[in-house]
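# Chain and residue survey
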Amino acid sequence: MATEMTCTRLTIVTVAGIFLQIIGLSIFVFGFFPVKPTLSGVSDSESYRHPLCDSALSTNDSEIHPEKLRLLYQELSGISSRYDRLILMVIDGLPAEFVLGKDGQPPGRVWKESMPYTQSLLANGDAIGYHAKAAPPTVTMPRLKAMVSGAIGGFLDVAFNFNTQALLDDNLLGQFLRIGWKMVMLGDETWIKLFPGLFMRHDGVSSFFVKDTVQVDKNVSRHLPNELNNDDWNLLILHYLGLDHVGHTGGRNSPLMAPKLKEMDDIVRTMHLRTMVDRSHDQGQTLLIVVSDHGMTENGNHGGSSYEETDSLMLFIGLSSNISEYDAATNNLAFQVDLTPTLALLFGVPIPKNNVGVLVPGTLNSLRDFEQLRALELNSWQLFRLMQAQLPSSLFGGFSCNCFLDGTCEGFGSDISECSGDKEKQLICLFRNAAVLHGIWKSKKLTESSAAEDLSRAIDAYNAFLKTASEWLASKTTEKPVLLLGLGVSAMLLSCVVCIILFLSLFKEVYNGPKDQVCCLNYLLNLEELFILAVLLILVISMGSSSMVEEEHYIWHFMVSTFYLLLLFKTVKSLGFSKRLNSLGEYKIGSIVLLLISGRLLRGWHQGGVNWTYFPDISKWLEQAGGSYVKRVQLISSFLVIVLGLFTLFRTGSKRKSVIIQAFGFSICGFLILLHAWRYQDGMFEVSTDNGATVTAKIIYLLLSISAVGGALVLPWSMQNRERSILAIAGDCLYLIGSAYVLCWCLLQLLLQQRINSGPILLLLIQILAVSCLSSKDLHVNEWVEIAALYYMGMAGHFALGNSNTLATIDVAGAFMGISSHSTTLSGILMFMITYASPLLFLLSLVMYIGGKLRNHSPLAHSDTDLGQLLKLKLGFPCLVPLCINSILLTAYTVVLLLMRNHLFVWSVFSPKYLYVCATTVCTYVGVCIVAATVAYTLSVTTFLRSNNT
């Protein structure tokens, strides 16, 4: 770039680079994240024929009457159906540990005593429970799809969880509908969205309004007496959301958890006693199954892959399992997808085509020997069909239909073989062994000489194949399109290069260095600049380690604290280590010490990450001390935020009406936030019947918007002074607007964040004010270093608020503050604002930073500079620094993710982190856009008014 870059050209190239980055990111995301290979259509009577046998011509199953189709399926399956009705009770978010215990130990005393009837069923052998492992992401929609289709969805299902679409793949409910079943659904409306028009009666409730822990369950239970008396349904689905909501708002140890467990236990008791009455009056057999879609962390959140989140419950009540010991009824393992083939075979319908689950062990004990083998055979055939779609046909050479029907395969003999070699060959071998042993049992069962031993060998062989095939299919995804991935990475690399070139070009102009000096090796970086670049290098290197990704907060806290120490060292050194410091030196050192103290408090407030979250921290101490201590910290912190924010507004000494009106608006907002904290947040676990909290929150939203946006629009027109330069006027105006932005954002976060996070909000505000004071006192630090430090501080604050690189730490509860009815868009925006509170806060503080720099600007430099030059140097440079940092980190992690695509933790560690990186990119775009619009508007108005006055 030999010619000097104009403001227009800079803007065009920057926007083009951003769009290029967005395009590259979109291409990479849709190319990288997996799409599970699926078979089209639905399973029908052909599923009861061997997959290697030619299909016989038959009529379409859809043309057969539902009752005749049911009888046909029952005849072809060869398994007698002992049940004619099914009750599926889904307790959202219930960890299996609450009911079955953990590691062979019974559940905790509080949990066990809260569900006495369920525990008595397990102790008496009337129920059998399983720790059903759920696949990540552990959110409701993909987990429901897994339970009814047996298929494991893609990783991006976590995004679709907030906008559920109809399930078009083969599933259990569709199979039940084909045989004429009538279905009723009460509870989570996700079922209605997944299966529109399927239920003859339904009453749905929103799963996202997590403040509701009472009415959301009462709305389900109020229908229960009538539905249990009705005999017009075959499937009754009850999806209770209250326990999940209790977890989101109060965690596992919430005082409302035990009463909620007791409420669920009473419902189980009501339904079980009714099924017992129906059975005694020969009114049919009803199977009651209690399941959960996922577990929850200690804080009550979910979405990740930790044991606490994936430990879901699967409880069969009324199943003849022949289990009499409590340990045998509780220490069982399964996978969530195993529910699909188990229910399909128990109720006589074909297993859905894309199922990767296997029969739940112990659920078929009541069947006769040949029925157990037939059930295992049908499950094996269904998985074998999925394998056929993904394996080359050459692997099936030498096999024929008769080979598996009579148990003797030409060229293979009748003995089983040792299975070794590639995984694909092992699968074929295991399948053949199971079929051969099944054939041997059939030929010997009449002699009774060794039937029991042959039966055991055949069952073991089937289980070996099913286990291996299920694991292989569950991990199988479509091949990633290399061309798309390469195109996406190339676009992001090019965008990153554009940002760096623009930054270096402006760097030369801002610091007035020789044109050939800044970009060559002769330019010597000082200590602070080297450190900022070293932080970037360390972050890029650490991205390749799964442990460092999980514990990334240590890097940010350590690096930010080290930067504060560098500032302290440089400040003391510049003062000559004199024994007597002047007031300016004391001011600087005091501000840096304040940064160090606040940074250490932020570091210790939440023990973040994944592996050591159980370590003590300030938030745990306060919560253990009692809710009254948390409330005191909340009220004191909120009051101090209001006082400091208002003090900053009047710091320039301006007493204009516009500033006074703005300060009055923020004062009203502060009072309402204190009132909200005092009156409503004690009852945060209950839904307010008078909607007072919702109305108060809406008023706060309105006042904050008017005060911040209105001030930004009005202040530049009301602060003209002919005696002062344009830069001084614009600096005062921008400092006031930036102060208003910061105060507005802090007040908003006090409303939205968990109560325990009010302390960190105050500490983040103190850090911003300290940095603002330091930057106005000439730290002898380059401008780009100060801006980069603000970006780093924002990321450190992000983790200090309790966030991590797992989806489980996303705070869902605050996303419905002030929303009377569920709105995916509004709640999604609020969730984003809560999660990225700190990065956006420090990006908004750039308006203050730019204003402070303009206020201290020398009147001799750039006094006659036009508007374009001002915007380029005073706005373009501060905006390019965060864009460059984010672009480097985004591009680097994209390359890392591509290299780690076959890593063991690619979906549990690296992929969630990449979603956060993408969201951080959006956060950076939003923050920079707000800063650019505000500064450009203010400078334009100021220049326009001055030219008119002249």
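Bear in mind the structure is a predicted one, so any value in this text is a computation, not a measurement.

### Considering the overall build of the protein
The secondary structure content of the protein amounts to 36 helices and eight strands. For the protein, buried positions account for 57% of its 950 residues. Summarising the internal contacts of the protein: among those between residues at least 6 apart in sequence, 79% fall at separations of at least 24. Accessible surface, the protein as shown: approximately 39100 Å² in total, 61% of it carbon and sulfur.

### Describing empty space enclosed by the protein
Taken as a whole and assessed by the stated rule, the structure comprises 17 cavities of 30 Å³ or more. The volume enclosed by the largest cavity comes to roughly 160 Å³. Residue lining of the largest cavity: 17 residues in total, with Glu552, Met795, Lys913, Val917 and Thr920 positioned closest to the centre. Secondary structure elements with two or more residues in the lining of the largest cavity: helix H24 (552-574), helix H32 (783-800), helix H35 (867-899) and helix H36 (906-949).

### Details of the sheet that holds strand E7 (residues 311-317)
Judged by pairing direction, the sheet is mixed, and its eight strands sit side by side in the order E4-E3-E5-E1-E6-E7-E2-E8 without closing on themselves. A strand with exactly one partner marks an edge of an open sheet, and here the two such strands are strand E4 (201-205) and strand E8 (333-335). The mean angle between the axes of side-by-side strands here comes to 20°, regardless of whether they run parallel or antiparallel. Along the sheet face, helix H16 (residues 339-346) touches strand E1 (85-91), strand E6 (286-291), E7 and E8 and points at about 175° away from the line of E6.

### Things to note about the pairing of E7
Burial within E7 is extensive, with seven of its seven residues counted as buried. Neither face of E7 is left uncovered, since the one carrying Asp311, Leu313, Leu315 and Ile317 and the one carrying Ser312, Met314 and Phe316 both have all their residues buried. Bridge count for strand E2 (residues 127-133) against E7 is seven bridges, and the pairing is antiparallel. From the neighbouring strand, glycine 129 faces E7, where its bridge partner is leucine 315. As defined by bridge partners, E6 adjoins E7 across four bridges and the pair is classed as antiparallel. When the bridges of E7 are listed, valine 291 appears paired with methionine 314.

### Here we look at H32
With 18 residues, H32 extends 26 Å from end C-alpha to end C-alpha; this agrees with the ideal 26 Å at 1.5 Å per step. Counting buried positions along H32 gives 18 out of 18 residues, so the element sits mostly inside the fold. After H32 finishes, the residue glycine 802 shows a positive phi value of roughly 100°.

### Some points on the nonpolar core
In terms of nonpolar packing, the biggest core is built from 151 residues, with Phe28, Phe666, Leu747, Tyr792 and Tyr914 touching the most fellow members. Beyond its immediate stretch of four places on either side in the chain, tyrosine 914 contacts Leu25, Phe28, Val29, Phe33, Met492, Leu890, Tyr893, Thr894 and Leu897. Counting 125 residues, the second-largest nonpolar core is a separate cluster that includes Met141, Leu261, Ile351 and Leu455.

### Describing unusual backbone geometry
Even without being glycine, aspartate 103 reaches a positive phi, approximately 55°. Relative to the helices and strands, aspartate 103 is located in the loop between helix H3 (97-100) and helix H4 (109-114). We classify aspartate 103 as exposed; its relative accessible area is 68%.

### Things to note about the packing of aromatic side chains
Counted according to the given criterion, the structure contains 23 aromatic pairs. Between the aromatic rings of tyrosine 48 and tyrosine 73, the centroid separation amounts to 5.8 Å while the plane-to-plane angle is 45°, which identifies the pairing as tilted. With tyrosine 48 in the loop between helix H1 (7-32) and helix H2 (66-77) and tyrosine 73 in helix H2, this residue pair connects regions lying 25 residues apart in the sequence. By the burial criterion, tyrosine 48 is buried, and tyrosine 73 matches it. Taken together, Phe28, Phe32, Phe33, Tyr893 and Tyr914 form an aromatic cluster joined through their ring pairs. The side chain of arginine 85 reaches across the aromatic face of tryptophan 233, ending 3.7 Å from its centre.

### With respect to the packing of helix H21 (residues 482-510) against H35
Running from N to C, H21 and H35 cross one another at 150°; their axes reach a closest spacing of 8 Å. When the interaxial angle is binned, H21 and H35 end up roughly antiparallel. Crossing geometry of H21 relative to H35 is assigned as left-handed. Residue composition of the contact of H21 with H35, by class: 21 nonpolar, six polar and two charged.

### Notes on the packing of helix H28 (residues 657-679) against helix H30 (residues 726-752)
Contact pair H28 / H30: the axes reach a minimum separation of 10 Å and the direction vectors enclose 10°. One element, H28, and the other, H30, form an angle in the roughly parallel class. Of the two possible hands of crossing, H28 and H30 adopt the one that is left-handed. Contacts from Val659, Gln662, Phe666, Cys669, Gly670, Ile673 and His676 in H28 reach Leu736, Ala740, Leu743, Cys744, Leu747, Leu750 and Leu751 in H30.

### Notes on the confidence of the model for the protein
Within the protein, residue pLDDT values average 84, and 87% of them lie at 70 or more. Across the protein, the element-wise mean pLDDT spans from 58 in helix H7 (residues 157-160) up to 95 in strand E5 (residues 235-240). Contacts for the low-pLDDT stretch residues 514-522, under 50 throughout, to residues beyond four places or in other chains number nine contacts. Here residues 858-864 is modelled with pLDDT under 50, and outside its nearest four sequence neighbours on either side it reaches three contacts, counting other chains as well.

### A closer look at the environment of valine 714
Tracing the backbone through its elements, the reader meets valine 714 in helix H29 (residues 692-718). When the C-alpha positions of valine 714 and isoleucine 737 are compared, they lie 9.9 Å apart, and in sequence the two are 23 residues distant.

### Looking at the pattern of salt bridges
Applying the stated criterion across every chain yields a total of 20 salt bridges. Ionic pairing is found between lysine 262 and aspartate 266, a salt bridge with its closest N-O pair at 2.7 Å. With lysine 262 and aspartate 266 both in helix H13 (residues 257-280) and four residues apart, the pair spans about one turn of that helix. Owing to a relative accessible area of 33%, aspartate 266 belongs among the partly exposed residues under this scheme. Linking lysine 467 and glutamate 471 is a salt bridge whose minimum nitrogen-to-oxygen distance equals 3.0 Å.

### Remarks on helix H12 (residues 242-250)
The buried count for H12 comes to eight of nine residues, which makes it a mostly enclosed element. One or two residues past the end of H12 sits glycine 251, with phi positive at roughly 80°.

Rules of the game
- Residues numbered from 1 in each chain as written.
- Predicted model: local features only at pLDDT ≥ 70, side-chain atom pairs only at ≥ 80, totals over all residues.
- Heavy atoms only, no water.
- Helix = DSSP H or I, 4+ residues; strand = E, 2+ residues; numbered from the N terminus.
- Buried < 20%, exposed > 50% of the residue type's maximum accessible area, 1.4 Å probe, protein only.
- Contact = heavy atoms within 4.5 Å.
- Areas by Shrake-Rupley, 256 points an atom, 1.4 Å probe, with all protein chains shown as cover.
- 1 Å grid on protein atoms, 1.4 Å probe; cavity = no way out; pocket = protein on both sides within 12 Å on 5 of 7 lines; lining within 4 Å.
- Points joined across faces, edges and corners; volume = space filled by probe spheres on them.
- Pairing = 2+ DSSP bridges.
- Axes fitted to C-alpha atoms, helices over the stretch in contact; angles between N-to-C directions.
- Expected span 1.5 Å × (residues − 1).
- Core = buried A, V, L, I, M, F, W, Y, C linked by side-chain atoms within 4.5 Å.
- Phe/Tyr/Trp six-rings, centres within 6.5 Å; stacked < 30°, edge-to-face > 60°.
- Lys NZ or Arg CZ within 6 Å of the ring centre and 35° of its normal.
- Parallel < 35°, antiparallel > 145°, perpendicular 65-115°, else oblique.
- Left-handed = near helix turned anticlockwise from the far one by under 90°.
- Nonpolar A, V, L, I, M, F, W, Y, C, P; charged D, E, K, R; others polar.
- pLDDT = per-residue confidence, 0-100.
- Salt bridge = Lys/Arg side-chain N within 4 Å of Asp/Glu carboxyl O.

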